[in-house]
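# A look at the structure
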Amino acid sequence: MTDRATDSHSVAARDQATPDVLARAMTRAHDENFPVVFAFLDRERRADMQAIYAFCRTVDDLGDEAVGDRSAALEYFAEDLARCWDGSPTTPILSALAVTVRRRDLPQDPFQRLVAANRMDQQRQRYATYGELLDYCRHSATPVGQMILGVLG
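Residues numbered from 1 in each chain as written. Predicted model: local features only at pLDDT ≥ 70, side-chain atom pairs only at ≥ 80, totals over all residues. Heavy atoms only, no water.

The next point concerns the side chain of Asn-118. Relative to the helices and strands, Asn-118 resides in helix H6 (residues 109-123). What Asn-118 contacts, discounting residues up to four positions off in sequence, is Val-59, Asp-60, Gly-63 and Leu-74. (Helix = DSSP H or I, 4+ residues; strand = E, 2+ residues; numbered from the N terminus. Contact = heavy atoms within 4.5 Å.)

This is the structure:
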């Protein structure tokens, strides 16, 4: 984790780590380019995009960097994710996402498919055929696009 990431997470912790503050801190903490576009969105869409980014980043981190049983961590996260649609997730990042899900009336499927892609990553690194690779993309890249389009309407 970079110093910038540590600083952002410390700020979120000092602010009681409310879901929206945590999502915003995660957006600023990573060295990726696309969060820059958030500045061009209205306040509500920016908050929604930050919640989606924080969700995607968390799923990826669980699949790539979690200590211990990554599959079990992804399973727990998927179960808590399902609670976003009835308004009662326990994970702060998912609490922020629940607001976005309700505000934008987003379907659960793309979110669960992204978790499934990270489960797939636990079992294999390469795909033998183009068809297998395309199926993986239906679980990894396509859902992110669907989430973003859902926020942008």
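Now for the pattern of salt bridges. As enumerated under the stated definition, the model contains 12 salt bridges in all. Between Arg-113 and Asp-109 there is a salt bridge, with its nearest N and O atoms 2.7 Å apart. Of the two residues, Arg-113 and Asp-109 both sit in helix H6, four residues apart, roughly one turn of that helix. Classification of Arg-113 by relative accessible area gives buried; the value is 15%. The partly exposed category is assigned to Asp-109, whose relative accessible area is 45%. Several salt bridges converge on common partners, so that one network encompasses Glu-44, Asp-48, Arg-103 and Arg-104. (Salt bridge = Lys/Arg side-chain N within 4 Å of Asp/Glu carboxyl O. Buried < 20%, exposed > 50% of the residue type's maximum accessible area, 1.4 Å probe, protein only.)

What follows deals with unusual backbone geometry. When glycine is set aside, most residues are seen to have a negative phi, and most peptide bonds are trans. The backbone phi angle of Asp-105 is positive, close to 50 degrees, even though this residue is not glycine. With respect to the secondary-structure elements, Asp-105 resides in the loop between helix H5 (92-104) and H6.

Another aspect to go through is the environment of Cys-137. Its place among the elements puts Cys-137 in helix H7 (residues 130-152). Looking at Cys-137, the relative accessible area reads 29%, which means it is partly exposed. Between the C-alpha atom of Cys-137 and that of Arg-113, which follows or precedes it by 24 residues, the distance is 9.9 Å. When sequence neighbours within four positions are dropped, the list of residues in contact with Cys-137 reads Thr-142 and Pro-143.

Remark: helix H3 (residues 43-65) packs on H5, axes separated minimally by 9 Å, with the N-to-C direction vectors making an angle of 130 degrees. When the axes of H3 and H5 are compared, the pair comes out oblique. Handedness of the crossing formed by H3 with H5: left-handed. Along the contact surface, H3 presents Glu-44, Arg-45, Ala-47, Asp-48, Ala-51, Ile-52, Ala-54, Phe-55 and Thr-58, while H5 presents Ile-93, Leu-94, Ala-96, Leu-97, Thr-100, Arg-103 and Arg-104. Here the contact of H3 with H5 is composed, by residue class, of nine nonpolar, two polar and five charged. (Axes fitted to C-alpha atoms, helices over the stretch in contact; angles between N-to-C directions. Parallel < 35°, antiparallel > 145°, perpendicular 65-115°, else oblique. Left-handed = near helix turned anticlockwise from the far one by under 90°. Nonpolar A, V, L, I, M, F, W, Y, C, P; charged D, E, K, R; others polar.)

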